[in-house]
Amino acid sequence: MEVPPAPHWYSTEKGTVINVTLIPSSFDPKADARALRAAMEGLGTDEKTIWQILTARRSAQRQRISVEYTSIFGRDLVQDLKSELTGNFENVMVSLMRPKERFDAVALRKAMKGLGTDEGVLIEVLCTKTNQEIEDVIRDFKEEYNRDLVKDVKDETSGHFKKMFVSILQAHRDESTIVDEDLVKADAQALYDAGEGKWGTDESKFNEILVTRSYAHLRQVFDVYATISKKDIYGAIKSEMSGDLEDGMIAIVDCVYSRPMYFSKRLYKAMKGLGTEDDNLVRIIVSRSEIDLPEIKVLFKDSYNKSLNEWVHGDTSGDYRDALLAIIGPE
């Protein structure tokens, strides 16, 4: 079967947040829809054709393919993918077909639905967002499930961990770049006094400062903190907190310094040791593919001495591996 040509891409030279632009003439959603249908009808499924098409298109283009697929064949593309594919490969293809504006909402609902809660996903989605992104995911969650995200998070968490999320979901972080040096010194001292400088820990003070202050402000707070303490901010959090609250606060600090670095760490955690956290691996690679995946790749290799491609190649197999490597792109 002849696969529609992959689009030609260009990007900025640096492996940071990239402006990737498709040459319009290379994208034909009708041809893609027909090729996908041909790959799934009859006996057997041509998995290679499916991943070659879907990994070569951007999210908005995949939505156009889905519309054309239904218009031409009277069928739902996502349902056909679910019917024809299985396992982790199915997860990748279905995730690629999910509209970007619904991706986080689906991840959050899955993390809270049924018995138990995947706190790591809550942290990954909510502790990494800007104010506007928080407002967007609250709205998208309501539209997708007719549920109140704030209420669901409150019901699924407890203690200071719940308070952290309630604060985050207010979307009131200062996002200015102006830094008040006096307030920087006061906040650094307040963090010290709330942790190392007293018996016990005032988690509410950490919550107030880490959740509401700007990233520019917090970077300077952390620098000053290191001058008045024997520990840096990471060491302070790890010594004063534990469990999910520690993980959430560390995630916020990671994002203050570098959001791509946070996701680089998450990818490493998904693949290190025995077994692979496939849901986490797929979610991060797909969700960051049009945001900052090129920068994540650079930081991953710098941190772990092997490329993300090498790690994924060693931890996955078959069409599942080929699809993920196609999304990641060349080293």
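Below is a summary of the structure that appears in this document. Computed from a prediction, not measured in an experiment: that's the story for all the values here.

It is worth spelling out unusual backbone geometry at this point. What is expected of a backbone is that most residues other than glycine have negative phi and most peptide bonds are trans. Within the chain, Asn 146 stands out as a residue other than glycine whose phi angle is a positive 55°. Looking at the element boundaries, Asn 146 is found in the loop between helix 8 (131–145) and helix 9 (149–156). Relative accessible area serves as the criterion here: at 59%, Asn 146 is assigned to the exposed category.

A few words on the pattern of salt bridges. Summed over all chains, the structure comprises 26 salt bridges. Note that Glu 124 is salt-bridged to Arg 283, the shortest N-O span being 2.7 Å. Placement of the pair is Glu 124 in helix 7 (residues 119–126) and Arg 283 in helix 17 (residues 278–288), with a sequence separation of 159 residues. Pair check on accessibility: Glu 124 and Arg 283 agree, each one buried. Taken together, the salt bridges that share partners define one network made up of Arg 102, Asp 136, Arg 139, Asp 140, Glu 143 and Glu 144.

What follows deals with the nonpolar core. For soluble globular proteins, the rule of thumb is that nonpolar side chains tend to be buried together. With 93 residues, the main nonpolar core has Met 93, Leu 126, Met 164 and Phe 165 as its most contacted residues. Considering each element in turn, this core owes the most residues, eight residues, to helix 15 (residues 243–257). Discounting residues that sit within four places of it in the chain, Met 164 has contacts with Cys 127, Asn 207, Val 211, Leu 245, Gly 248, Met 249 and Ile 252.

Turning next to the state of the cysteines. Applying the stated rule across the entire model yields zero disulfides. Here Cys 127 is not disulfide-linked; the sulfur of Cys 255 is the nearest cysteine sulfur, at 7.6 Å. Judged by relative accessible area, which is 4%, Cys 127 ranks as buried.

Its place among the elements puts His 217 in helix 13 (residues 215–228). Overall, His 217 belongs to the buried group, its relative accessible area being 4%. Of note is the side chain of His 217, whose polar atom sits 2.7 Å from the side chain of Asp 187. Excluding anything up to four places from it in sequence, His 217 contacts Val 179, Asp 180, Leu 183, Val 184 and Asp 187.

Rules of the game
Residues numbered from 1 in each chain as written. Predicted model: local features only at pLDDT ≥ 70, side-chain atom pairs only at ≥ 80, totals over all residues. Heavy atoms only, no water. Helix = DSSP H or I, 4+ residues; strand = E, 2+ residues; numbered from the N terminus. Buried < 20%, exposed > 50% of the residue type's maximum accessible area, 1.4 Å probe, protein only. Salt bridge = Lys/Arg side-chain N within 4 Å of Asp/Glu carboxyl O. Core = buried A, V, L, I, M, F, W, Y, C linked by side-chain atoms within 4.5 Å. Contact = heavy atoms within 4.5 Å. Disulfide = S-S within 2.5 Å. Polar contact = N/O pair within 3.5 Å; in protein donor to acceptor, adjacent residues only side chain to side chain.

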